Amino acid sequence: RSRGTDAARTPVGWSVTLSFVPLRLELSLDISDGGKSQFSVEELNAVAGGAPIPGRAHNFYDSVHDASAQYAEFARLASVLRASGTRFFAGDVGLWADLQAQRHCWWQEDEDRRAIADSERAFRSRNWLTVVSLLETRASRLSGAAAARLALAKKRLRGAA
């Protein structure tokens, strides 16, 4: 946790947290602004446009009993933080908005994928109203097949009226 000293440009309260939960086979390195915002080093790397994150060198299950394997995995995540954390360590307060916007974009893409999959099922069932309700608000983001499915469902609804 940053104390905001003259030597460090990172604001007071900003922190880096390493979490390792062997029983759940979880390992994460997160950054926080000391408030509500907490993001993974993977999210930070994506915002920074960093190189792909190196894959694990050790199996979590096997590394539970191997301290050197654990430290190697910790070092792997720390290297990603060093490579992509320039804005974090410089105290760039705009970083949090960029991270939040990226998370929202990823969430929206995930919701779009679900809606498209649901619309395929509704389309096969000829449930045109459901197809339209699932896709209409996403129309600007739809690709060929989903856009065509929406257009046809709208046409069928107009024909039924």
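None of the values given here were measured: they were computed from a predicted structure. (Residues numbered from 1 in each chain as written. Predicted model: local features only at pLDDT ≥ 70, side-chain atom pairs only at ≥ 80, totals over all residues. Heavy atoms only, no water.)

Peer 1: Tell me about the pairing of strand E1 (residues 15-21), residues and numbers included.
Peer 2: Pairing geometry for E1 and strand E2 (residues 26-32), over 7 bridges, is antiparallel. Note that in E2 the partner of leucine 18 across the bridge is leucine 29. Where E1 folds back onto E2 in an antiparallel hairpin, the turn is made up of 4 residues, including leucine 25, whose phi is positive at roughly 55°. (Pairing = 2+ DSSP bridges. Helix = DSSP H or I, 4+ residues; strand = E, 2+ residues; numbered from the N terminus.)

Peer 1: Describe a positive patch on the surface, with residues and values.
Peer 2: Together, Arg126, Lys155, Arg156 and Arg158 line one region of the surface with positive charge. In this fold, arginine 158 is placed in helix H7 (residues 144-160). Take arginine 158: its relative accessible area is 59%, and that puts it in the exposed class. (Patch = residues over 30% accessible without salt bridge, like charges linked within 9 Å, V, L, I, M, F, W, Y side chains within 5 Å. Areas by Shrake-Rupley, 256 points an atom, 1.4 Å probe, with all protein chains shown as cover. Salt bridge = Lys/Arg side-chain N within 4 Å of Asp/Glu carboxyl O. Lys, Arg positive; Asp, Glu negative; His and termini not counted. Charge placed at Lys NZ, Arg CZ, Asp CG, Glu CD. Buried < 20%, exposed > 50% of the residue type's maximum accessible area, 1.4 Å probe, protein only.)

Peer 1: Quick rundown of helix H6 (residues 128-135)? Include the residues and the values.
Peer 2: Side chains three or four residues apart in an α-helix point the same way, a direct result of the helix having 3.6 residues per turn. All of the buried residues in H6 are Trp128, Val131, Val132, Leu134 and Leu135. Projected down its long axis, H6 carries its buried residues within an arc of 165°, all on one side. Exposed and oriented more than 90 degrees from the buried face of H6 are Leu129 and Ser133. Those residues of H6 hidden inside the fold are in contact with helix H5 (94-124) and H7. (Arc of directions from axis to C-beta. Contact = heavy atoms within 4.5 Å.)

Peer 1: So, the sheet that holds E2: which residues are in play, and what are the values?
Peer 2: With antiparallel pairing, 3 strands are arranged side by side in an open sheet as E1-E2-E3. Of all strands in the sheet, those bounded by a partner on one side alone are E1 and strand E3 (38-40). Each strand of the sheet is rotated relative to its neighbour by a mean of 30°, with strand direction disregarded. Two elements, E2 and E3, share 3 bridges in a ladder whose sense is antiparallel. When the sheet's bridge partners are listed, aspartate 30 is paired in E3 with serine 40. Packed onto the sheet, helix H1 (residues 41-48) meets E2 and E3 and runs at close to 80° relative to E3. Here helix H3 (residues 67-84) sits on the sheet in contact with E1 and E2, set at roughly 30° to E2. (Axes fitted to C-alpha atoms, helices over the stretch in contact; angles between N-to-C directions.)

Peer 1: Which residues make up the packing of H1 against H5, and what values do they have?
Peer 2: Put simply, H1 and H5 touch, their axes get as near as 10 Å, and they point 100° apart. Taken as axis vectors, H1 and H5 run roughly perpendicular relative to one another. Every residue of H5 that contacts H1 at Glu43, Leu44, Ala46 and Val47 is listed here: Leu95, Asp98, Leu99, Gln102, Arg103 and Trp106. Across the contact of H1 with H5, the residue classes break down as 6 nonpolar, 1 polar and 3 charged. (Parallel < 35°, antiparallel > 145°, perpendicular 65-115°, else oblique. Nonpolar A, V, L, I, M, F, W, Y, C, P; charged D, E, K, R; others polar.)

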